[in-house]
Every structure is written in structure tokens, then in C-alpha cells.
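Geometric and topological summary
Residue strings, one per chain:
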Amino acid sequence: MAPTERLRAHRSCTTCPYCGVGCGVSVTRQVATSDAGVSVEGDRQHPANRGRLCVKGSALAETLGERGRLLRPRLHGRECDWETAMGYMAEQFSRTIERHGPDSVAFYLSGQLLTEDYYVANKLMKGFIGSGNVDTNSRLCMSSAVAAYKRSLGADAVPCCYEDLEHADLVVLVGSNAAWTHPILFQRMQQAQAKLVVIDPRASATSETADLHLAITPGSDAALFSGLLNYLVQGHHIDRQFVAEHSDGFQQAAAAAAAWGPDRTARTCGLALDELLAFYQLFASTKKTITFYSQGINQSTSGTDKNNAIINCHLATGRIGRPGCGPFSITGQPNAMGGREVGGLANMLAAHMDYRADHIDRVSRFWQASNIARRPGLKAVDLFRAVECGEIKAIWIMATNPAVSMPDAAQVSRALRKCPLVVVSDCVTDTDTARCADLLLPATGWGEKDGTVTNSERRISRQRGFLPPPGEARHDWQIICDLANRLGHGEAFTYRHPADIFREHAALSGFENGGERAFDISALAGLTRRQYEQLTPVQWPVNAANPGGTARLFTDRRFFTGSGRAQFIPVEPRLPRQQRSQGFPLWLNSGRLRDQWHTMTRTARSRRLLDHSELPEIQLGPADAADHAIGDGQLVELRSARGRMRGRAVVNPAQPAGQLFAPIHWSESLAADSRVSALAEPVTDPHSGQPEFKQVAVHLRAVTVHSYLRLVCPAIIAERLQRQLDRLAGLEHWYRVPCDGGFRYELAFSAAPDCRALALELLEGPGDALRWQRLQLPGAERWLVDNGELQLLMFAAPDWRRLPDGSALEQWLQRPLPEKTAQLLRDIAPASPVVCSCMQVSRQQIDAAIEAGAESVEALGEALGCGTGCGSCKPEIAALLRTQQASVA
Ligand SMILES: Nc1nc2c(c(=O)[nH]1)N[C@H]1C(S)=C(S)[C@@H](COP(=O)(O)OP(=O)(O)OC[C@H]3O[C@@H](n4cnc5c(=O)[nH]c(N)nc54)[C@H](O)[C@@H]3O)O[C@H]1N2
Ligand SMILES: Nc1nc2c(c(=O)[nH]1)N[C@H]1C(S)=C(S)[C@@H](COP(=O)(O)OP(=O)(O)OC[C@H]3O[C@@H](n4cnc5c(=O)[nH]c(N)nc54)[C@H](O)[C@@H]3O)O[C@H]1N2
Ligand code: SF4
Ligand SMILES: [Mo]
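Calculation notes
Residues numbered from 1 in each chain as written. Chains lettered and ligands numbered in written order. Predicted model: local features only at pLDDT ≥ 70, side-chain atom pairs only at ≥ 80, totals over all residues. Heavy atoms only, no water. Helix = DSSP H or I, 4+ residues; strand = E, 2+ residues; numbered from the N terminus. Rg over C-alpha atoms; globule rule 2.2 N^0.38 Å. Buried < 20%, exposed > 50% of the residue type's maximum accessible area, 1.4 Å probe, protein only. Contact = heavy atoms within 4.5 Å. Pairing = 2+ DSSP bridges. Axes fitted to C-alpha atoms, helices over the stretch in contact; angles between N-to-C directions. 1 Å grid on protein atoms, 1.4 Å probe; cavity = no way out; pocket = protein on both sides within 12 Å on 5 of 7 lines; lining within 4 Å. Points joined across faces, edges and corners; volume = space filled by probe spheres on them. Nonpolar A, V, L, I, M, F, W, Y, C, P; charged D, E, K, R; others polar. Near = heavy atom within 4 Å. Sits in = over half its atoms within 2 Å of the grid points. Salt bridge = Lys/Arg side-chain N within 4 Å of Asp/Glu carboxyl O. Domains from an automatic or database assignment. Buried area = accessible area lost by both parts, 1.4 Å probe.

What follows is about the overall build of the protein. Looking only at helices and strands, one finds 33 helices and 34 strands in the protein. The C-alpha radius of gyration of the protein comes to 27 Å, within 12% of the 29 Å expected for a compact globule of 889 residues. Along the three orthogonal principal directions, the C-alpha set of the protein runs to about 85 × 70 × 60 Å. Across the 889 residues in the protein, those meeting the buried criterion constitute 63%. Counted over contacts in the protein with a minimum sequence separation of 6, partners at least 24 positions apart contribute 72%.

Here the focus is the sheet that holds strand β17 (residues 451-454). With respect to topology, three strands assemble into an open sheet ordered β17-β18-β19, the strand pairing being antiparallel. The outermost strands of the open sheet, each flanked by one partner alone, are β17 and β19 (538-539). Here four bridges tie β17 to strand β18 (residues 459-463), and the two strands are oriented antiparallel to one another. Residue valine 453 lies in a different strand from β18, and its bridge partner there is serine 461.

This next bit is on the pairing of strand β12 (residues 289-293). The buried fraction of β12 amounts to five of the five residues, a majority that puts the element mostly inside the structure. Every second residue of β12 is oriented toward a common face, with Thr289, Thr291 and Tyr293 on one face and Ile290 and Phe292 on the other, all of them buried. The pairing of β12 with strand β13 (residues 326-329) spans four bridges and is parallel. Looking at the pairing, tyrosine 293 lines up with serine 329 of β13.

The next thing to look at is the environment of isoleucine 717. Secondary-structure assignment places isoleucine 717 in helix α27 (residues 715-724). Through-space distance from the C-alpha of isoleucine 717 to that of glutamine 791 is 7.5 Å; in sequence the pair is 74 residues apart. The contacts of isoleucine 717, once residues within four sequence positions are left out, are Leu762, Leu763 and Gln791.

Spatial ordering of the open sheet is given by β10-β9-β8-β12-β13, a layout of five strands whose pairing is parallel. Each edge of the sheet is formed by a strand with only one pairing partner; in this case those strands are β10 (212-214) and β13. Adjacent strand axes in the sheet meet at a mean angle of 15 degrees, parallel and antiparallel pairs treated alike. Contacts from helix α14 (residues 273-285) reach β8 (170-174), β9 (195-199), β10 and β12, with the element oriented near 120 degrees to β10. Contacts from helix α16 (residues 303-316) reach β8, β12 and β13, with the element oriented near 170 degrees to β12.

Once that is clear, we can look at empty space enclosed by the protein. Taken as a whole, this structure holds two cavities of 30 Å³ or more when the rule is applied. As a volume, the largest cavity reaches approximately 90 Å³. Broken down by secondary-structure element, the contributors of at least two residues to the lining of the largest cavity are α2 (55-58) and α8 (183-192). Classifying every residue of the lining of the largest cavity by side-chain character gives nine nonpolar, two polar and one charged. Estimated volume of the second largest cavity: approximately 50 Å³. In this structure, the second largest cavity is lined by Phe225, Ser226, Leu229, Ala253, Ala256, Ala257, Ala309, Asn312 and Val571. Here the residues of the lining of the second largest cavity are counted per class, giving seven nonpolar, two polar and no charged.

This paragraph deals with the site of ligand 3. Around ligand 3, the neighbouring residues are Cys16, Tyr18, Cys19, Gly22, Cys23, Leu53, Cys54, Lys56, Gly57, Pro183 and Ile184. Comparing atom positions with the cavity grids shows ligand 3 to sit within the largest cavity. Those elements that place two or more of their residues in the shell around ligand 3 are α2 and α8. When its residues are assigned to classes, the shell around ligand 3 shows eight nonpolar, two polar and one charged.

A few words now on the pattern of salt bridges. Tallying each qualifying case throughout the model produces 60 salt bridges. A salt bridge links arginine 675 to glutamate 668; its shortest N-O distance comes to 3.7 Å. A relative accessible area of 11% places arginine 675 in the buried class. Overlapping salt bridges, with partners in common, bring together Arg356, Asp358, Asp361, Arg362, Arg365, Glu512 and Glu516 in one network.

With that settled, the discussion passes to the domain arrangement of the protein. The parts lose accessible area when they come together, and the size of an interface is often stated as this lost area. When cut into domains, the protein gives domain 1 (8-63), domain 2 (74-137 + 335-539), domain 3 (143-329), domain 4 (586-697), domain 5 (707-827) and domain 6 (835-888). A straight line from the C-alpha centre of domain 3 to that of domain 6 covers 32 Å. Each side of the interface is counted separately: domain 3 has seven residues, and domain 6 has seven residues. Where domain 3 abuts domain 6, roughly 490 Å² becomes buried across the two surfaces, and 48% of that area is made up of carbon and sulfur atoms. The three residues of domain 3 that bury the most area against domain 6 are Trp180, Gln187 and Glu208, which together make up 68% of that side's buried surface.

So this is what it looks like as C-alpha cells:
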């Protein structure tokens with residue numbers, strides 16, 4: 001390679017692989033260096049973010065690299081070549097289908113696949129294997145929103161676009177913590193200065209900034225919006241013309257809502273009457289209103305009705321298809337929308353077509369399908385039940401981790417362990433689901449693969465690869481086509497490039513469409529490979545009538561229902577299926593943290609992202625903490641009728657009494673008994689099949705801990721420790737934090753651990769070269785073992801607060817140790833969590849600056865730099881200011 005080439009930087013534009021905002025990312029890579037030479041920034045040209053990135057997006061480069069990556073296929077735990085892996089899989093699939101029929105096999109996919117991956121997986125199962133058994137983690141996420149849009153608008157078509165948030169005068173966020181989960185969009189909302197109303201039982205970073213926060217009783221949203229419809233009717237705020245000319249069913253919906261007068265509604269929702277009326281008045285009097293909703297609405301046994309209760313209010317006021325208006329369901333995953341387009345859900349066929357005779361016939365002709373599925377397949381919860389009872393005998397899971405994310409997660413692990421063939425395609429070696437696999441297939445990940453994704457505003461963007469696949473990893477679409485070929489369907493899967501797949505997908509969307517189906521991107525069916533490479537972000541529909549794409553739908557007031565009119569849906573508010581009882585007296589709510597993504601397989605690779613919150617936490621309010629004699633950091637246990645979970649208590653003054661909150665992120669790979677989904681009953685919405693995650697009835701107790709152990713070691717010692725955890729006497733809990741050069745472990749014991757025995761066992765082998773150092777303090781013990789490089793640093797104490805700062809310990813994995821290691825053992829620094837990840841500013845620093853007189857977020861930014869990076873931490877800084885100012889007052 002010529003020296004000039006060596007120095008050349010290569011730039012490419014792609015999209016962020018995390019949330020559904022779908023930000024454009026500009027990547028610079030030093031050619032001829034590996035991942036270390038990659039830097040990312042926001043793409044200024046991308047309409048979703050115009051150059052901005054949140055903290056997760058800006059840490060993308062830190063998540064690259066081969067550490068922990070799955071590099072070769074593994075069959076029954078042993079590495080093998082692709083030929084062996086695919087030969088085995090094809091033989092098992094063929095034999096199972098031959099003996100037990102097509103419905104004995106299934107694919108379980110993910111909104112994190114690219115559209116092209118998704119399209120071929122769906123085509124293979126539904127068109128050629130002949131079963132509808134393709135479902136996806138979007139069932140846990142968006143399926144209620146899909147079902148509700150279809151019922152009322154006739155199509156799974158999000159009416160709004162992001163610019164509408166800037167045109168709006170009022171944004172009502174329902175069951176959304178957008179400040180953390182859709183940060184860049186939230187920043188756009190804040191800049192637009194619409195009034196914000198937040199409806200959420202708990203206080204969040206989002207509600208911090210709201211003009212009005214309605215902390216409703218968990219699960220009572222349908223009552224709230226039925227009450228709103230009734231208020232709009234009673235107060236004559238209805239758009240009569242819209243209702244008469246463009247909708248059906250208004251009378252029935254209004255009649256159903258009539259039972260929800262303000263007094264009853266306020267009581268059901270646990271609100272003061274004046275709070276409720278303040279919201280209703282604001283909604284009634286603000287024409288440009290967007291209702292923006294997410295998992296607090298969807299993840300419910302009546303999620304579809306809750307969506308429709310919201311949509312009804314927009315139809316009644318004609319607030320749809322106009323700038324700054326609309327019921328806006330926000331998507332979670334980067335390609336949740338793409339999955340909906342291709343038909344990734346078991347009850348849809350393809351390209352927004354259903355299991356209707358004419359649609360089946362049409363798709364079958366287009367695909368020249370040899371064996372098209374004629375009825376819907378099983379939805380996620382039923383699918384894993386069918387796996388457990390042996391009806392499904394072979395399952396292929398791609399780009400999702402159901403052993404952590406499904407309700408009754410333990411059932412999923414159990415089902416997979418029983419299943420004769422479990423194939424898992426992932427980028428990393430160690431996930432809870434991968435642990436149940438017979439065959440593990442290495443997939444390429446972000447930065448390596450090419451294709452398209454669709455964001456929350458129907459905008460299709462390219463994801464572009466800029467790194468070669470690591471090891472022998474292959475693209476998901478290639479692996480699927482390989483299986484298709486081996487099953488004898490090769491002629492329908494001859495794609496040589498994602499562009500070939502995309503063209504076919506685009507052609508199907510326009511095939512015999514005639515304006516009947518909302519999803520139509522036929523204008524892109526003729527893209528050359530070069531045009532595909534250069535495709536700029538565009539919103540569907542993109543067809544002959546709208547060659548440049550479409551920002552806002554329903555501007556012509558025509559809907560995709562048979563009559564062309566929108567449908568009101570009468571709603572009977574229902575309570576959560578999981579109810580509190582004497583045995584399980586508390587509500588458990590679950591959701592996301594700012595800096596982690598789902599089961600942490602990628603975000604935990606960035607140390608900076610872990611700093612925001614490293615512990616598997618359970619948040620509770622001060623009253624519940626006092627009732628149960630629980631202090632901050634204490635080990636606690638939750639039990640539900642289904643399962644159990646343990647974590648460290650975080651006493652949060654803003655958490656309402658009787659309600660707990662736990663993040664969804666921790667898995668058995670990173671902590672003991674930490675899967676929050678193990679507690680959730682697998683009960684689902686009758687229309688959408690979406691599980692009820694947000695309201696789980698639990699029992700809380702403190703776990704008595706005698707001693708805490710904080711331990712830092714290189715990866716190889718960590719592996720030994722990991723294998724021994726089951727055998728450690730008195731171990732009540734553990735979690736671990738991946739760090740540069742190894743791991744930090746946090747162990748909690750019910751009896752004083754034998755530190756000496758543990759150290760000896762971990763460091764068995766060439767013991768001679770090791771230097772041992774021990775410091776005994778009253779009730780506490782410290783160990784350091786090295787051979788020039790650190791082998792083990794271990795601190796035990798009866799109170800975790802007496803342990804030294806974890807990151808201060810971790811740094812010794814990277815640094816030469818001082819001559820006098822005894823001094824090191826004496827060095828104790830108290831820990832303080834990082835609030836601003838970009839500028840690495842801790843809570844302690846911020847508190848000190850406030851005490852020294854800083855009075856605003858801006859002043860703190862000037863003094864410390866906090867909040868001046870991506871800005872995601874600003875709501876927390878504001879909250880710290882308020883708390884401190886309140887305590888001074
Ligand atoms: N940082 C980060 N961002 C993410 C993700 C991530 O893992 N990490 N995941 C992405 C994905 S896939 C998704 S689906 C989205 C989810 O995005 P969000 O839906 O915004 O996130 P959640 O934290 O699951 O839940 C939102 C809120 O619902 C509230 N809630 C609970 N019960 C009720 C109720 O009965 N009524 C109402 N009104 N609210 C309730 C919770 O208190 C919580 O604050 O986030 C996306 N963005
Ligand atoms: N209690 C509770 N449970 C929940 C929720 C909740 O709010 N509360 N939320 C639910 C929601 S909304 C969602 S979306 C789910 C998310 O839950 P999951 O989808 O199970 O979680 P992820 O960690 O995103 O899993 C993605 C996996 O795919 C891998 N991967 C990444 N990129 C690729 C790729 O290109 N190809 C392949 N083959 N693999 C890849 C990652 O390493 C990771 O192991 O959790 C659901 N579960
Ligand atoms: S808001 Fe953050 S996580 Fe979401 S797409 Fe943009 S950069 Fe990625
Ligand atoms: Mo999601």
C-alpha cells in the first residue's frame with residue numbers, strides 16, 4: 001500500500017442502529033487502520049437529526065472491535081465451518097418439515113434487521129416453506145400501534161412527520177420517556193417550544209421539562225382519553241365537517257365515552273379534577289396538537305384500544321393530515337417500520353397485504369411462490385408456547401434476545417432448551433439466547449452491513465458498511481438465501497446484492513396497487529445499484545404520484561378503509577390483567593435508561609455509556625424504602641406470580657409510592673437474576689398479541705447482606721470466576737461491568753466470604769511469580785495480586801459505601817502498578833455517578849458547582865462543560881439544580 005493511501009481518511013454516510021429516530025451518521029475511517037481509526041459525527045444533511053447525535057449515537061465508534069464478537073459458526077458449542085453449519089441446518093429443517101409439516105418450524109426476527117434481511121426471511125418462510133410462523137420482537141413493541149392504525153385508518157400508516165412536531169403548539173407525550181428514548185426528536189420538540197404535557201405514572205427526564213405532568217394511575221390511559229372525547233363532545237369542540245364527511249362510527253364512540261364524565265375519570269386516573277380539566281381545556285383549545293405515544297400505551301392487554309382512544313380524539317377534532325397535528329405512534333427500533341413494510345409480523349403477509357384470498361393470490365403470483373402460507377402464523381407469546389409444547393421443533397432466531405426480552409423469560413429459556421433445533425444468528429458470542437442455541441451463526445453488524453431502514457416518520461435511509469466483516473461473519477440476507485438454496489428454492493433467491501432485494505421489495509409494494517395500499521415505493525423499483533448506493537433519505541409513499549416522497553399522509557382526507565373514511569372505534573377502558581393483591585402489593589413498571597440499549601450487547605462495550613448507570617437497579621420511592629427498611633444500594637428481591645428478580649435499590653424521591661421501576665437492560669450474562677421480564681405474566685392484547693409489560697404486580701423484600709466484594713481482574717481470570725459463581729458459599733447476588741482489559745465484579749454475600757480461598761482458586765497455576773499484598777482493616781479486607789501486571793484487586797466490606805470507587809480500581813488493569821502497592825490499597829475514593837457522559841462530569845462535581853453558586857443549566861455548562869455535548873443530560877442537570885435549590889429554600 002502506498003504511504004499516501006495509508007493516511008487517507010474515508011468518509012461515509014450511514015444511519016444510527018439504535019432508536020427509531022433514525023439519525024444520519026457521518027463516519028470517518030482512517031484507511032488501513034482497524035476500528036480504532038473510526039470516528040462518528042451527526043450527518044448534517046440528514047433530515048432526521050441535521051447533524052446532531054445523542055450520547056448513544058456519538059459513542060458508536062467505542063462499540064466497534066472484535067472483543068466479544070462471534071467470528072465463526074458454532075455447532076453444539078464447537079467452532080465449525082460454514083459448510084458444516086449450513087449443511088446441518090438445512091438437513092434439520094428439511095427433515096422437520098417433511099415429517100411434521102411447515103408449521104413445525106419458525107423464524108423469530110427483529111426490528112434491528114435491515115429491510116433486505118427481513119424481506120428475504122419473510123419470503124422464504126411465507127412463500128416457499130409455506131408457514132406463517134414468522135414473528136418478530138416488534139410484537140413486544142409496536143404491534144398494538146399497528147393494529148389500531150389499521151382499524152381506524154385502514155392501513156399501518158403513521159400520519160405525521162417530524163416537522164409536524166415543530167409546527168405543533170401542543171405535544172402530548174403519553175407513555176413515552178422521549179428525553180431518554182428518542183433524544184434527538186425530543187430536542188427538536190423542545191426547540192420548537194410547543195407546550196408539553198406528559199402522561200406517565202412516574203416522573204421521568206421527560207416529565208421534568210413538561211408544562212404539565214399527569215401522573216396517572218398505571219394502566220388508566222383509556223379512561224383518560226375516553227374522558228377527553230366526552231369532554232370534547234360536551235364542550236362542542238368537535239370538527240363536525242370532518243366527522244360528517246370523512247369518518248364513520250362517531251356516534252358509537254361518543255356513546256361509549258359518555259360514561260366518562262370528569263369526576264369519574266379523575267377518580268379512575270388518580271388525578272385531581274383541576275389537573276384533569278387543565279389538560280382537557282388545553283387540548284380542546286389548541287388546534288395544532290400532536291399526541292406522541294409509545295410503550296406506556298402499547299405494552300398493555302388493552303393497548304390497541306388505548307391507541308384507538310387517542311386516535312378517536314384526533315378524528316373528532318379533525319386533527320390529522322394537517323401541519324402540526326396527528327396521532328403519532330413513535331417506533332422504538334431502528335427498523336421497526338421496515339419490518340412492518342415487509343410483513344415481518346405473523347398476521348401480515350407482505351408489503352402491507354394480509355391473509356385475504358386476493359392478497360394471497362397476488363403475492364403468490366408476484367413471488368412465483370411454490371407453497372404460499374394461507375393463514376397467519378403464531379404471534380411471539382404463542383410461538384414460544386408452541387416451542388415448549390413441542391409443536392414447533394426448529395426455530396431460527398435473528399437479531400433479538402428473547403430469553404431476556406419476552407414476558408415470562410424463564411419459560412422462553414426452558415422452551416428453547418427443550419427444542420430439537422435452535423439456531424441463533426447474532427454478532428456476539430454470549431447472550432442469554434445464544435446460551436440455548438444448538439447452532440450459532442456469526443452475523444455482520446452495524447458498520448459492516450449494507451441495506452435500508454425506515455424510521456418513525458416513514459423515512460427510508462441507507463445503512464452503509466465501512467468495515468470488512470470480522471472473522472467469517474456473513475450478512476443476514478446471505479445466510480437466509482443460503483438456507484433457501486439448500487432447501488431447494490434457490491431460483492427465487494438469486495440476489496447478489498442488497499440492491500437486488502430492495503428493487504424486488506419496491507416492485508411488490510406497487511404490484512397491482514392502484515392506490516389501495518398505503519405502502520407504495522414503486523418509484524424506487526428501478527434503482528440501479530449505483531443509485532441505490534447513493535440513495536438519499538426519502539419518505540414513503542414514493543410512487544408515480546409522489547416521486548419525491550410524502551411527508552404527511554391523509555392531507556386529502558381519504559383513508560385506506562373500504563369506504564375511504566376513517567373509523568371511530570368505541571372503547572371500553574379496561575384495567576391491567578395483572579392486578580395487585582395482598583401477596584403482590586406493589587406495581588412494577590419497566591423501561592429504558594438513557595445510555596443503554598436493550599440487552600446491552602453493544603452499549604455495554606462503551607465504558608462511557610456504562611458510567612451513567614452500571615447497576616441492575618430497582619427504583620423505589622422513599623415511603624416504600626422506609627416501609628421495607630431498604631436503603632440506597634441495598635440488595636432487594638422482587639417476586640411475582642411468575643418469577644423473581646434481584647437488583648440494587650435506588651431510592652428515588654420522584655418515584656410514586658406503591659410503584660417500582662426497573663430497567664430492562666440486564667441479562668443473565670451480566671448479572672444474577674436480573675431479567676425484569678421474568679416477572680411479567682405472558683398475557684396479551686386480544687387484537688395485537690402484545691404483552692402487558694408495564695404493569696406487573698410484585699412483592700418486594702430486602703435481602704440481608706453481610707459483606708460486599710468489589711473485584712477487578714483481567715478477562716481470563718474473569719472467565720474462571722464466572723464458572724465458579726454457582727459454587728461460592730453465601731453468594732446472594734453478582735453483577736459485572738465490562739471494562740478495558742477485563743471485568744469488575746460486584747458480589748454480595750450473606751456471610752463473610754473467604755477472600756483468601758477465592759483468590760487462591762482464581763489464581764491457581766503458576767503461583768510463584770505472583771506478588772500477594774493484603775490489608776486488613778476493621779471489618780474490611782483488601783487484596784492485590786500481581787505479576788508485574790494486575791491479576792486481582794479485591795475489596796471486601798460490610799457496607800458497599802465503604803468500597804473504593806470502581807473506575808479508580810479499573811484503571812490499574814491498563815496502567816503499570818506503583819512500586820509500593822500497599823499504598824494503593826490504602827487509597828479510597830468515594831464513588832459518584834457520572835451525569836454528563838460526553839464531558840465526563842459527575843454528580844458530585846455538579847453538586848459542588850451548585851453550592852458554589854451556579855444557578856442554571858447554562859451556568860453549569862460554562863463552569864464544568866456538562867450538557868454542552870449531545871445535551872441528553874440537561875433534564876437531569878435541571879433536576880439536580882431544582883433539588884438543591886429546594887433544599888436551600
Ligand atoms: N436509551 C434507549 N433508548 C431507546 C431504547 C433503549 O433500549 N434505550 N429502545 C428503543 C425501543 S425498541 C423502544 S420500543 C423505545 C421505547 O420508548 P419509551 O416508550 O419512551 O420507553 P420506556 O422506558 O419503555 O417507557 C416509556 C414510559 O412509559 C411509562 N409508563 C408505564 N406505565 C404506563 C401507563 O400505564 N401509562 C402511561 N401513560 N405511561 C406508562 C413508563 O413509566 C416510561 O416512562 O425506546 C427506544 N429508544
Ligand atoms: N419488561 C420489559 N420487557 C421488554 C420491554 C419493556 O419495556 N419491558 N420492551 C420490549 C421491546 S419494546 C423490545 S423492542 C424488546 C427488545 O429486546 P431484544 O430485541 O431481545 O434486545 P436486543 O438486545 O436489542 O437484541 C438484539 C440482538 O441482536 C444482535 N444484533 C445486533 N445487530 C444485529 C444484526 O445486524 N444481525 C444479527 N443477526 N444480530 C444482531 C445483538 O447483539 C443482540 O443480541 O424488549 C422487549 N421487552
Ligand atoms: S436519537 Fe440517538 S439513538 Fe436515536 S437514532 Fe439518533 S443518535 Fe441514534
Ligand atoms: Mo421496542
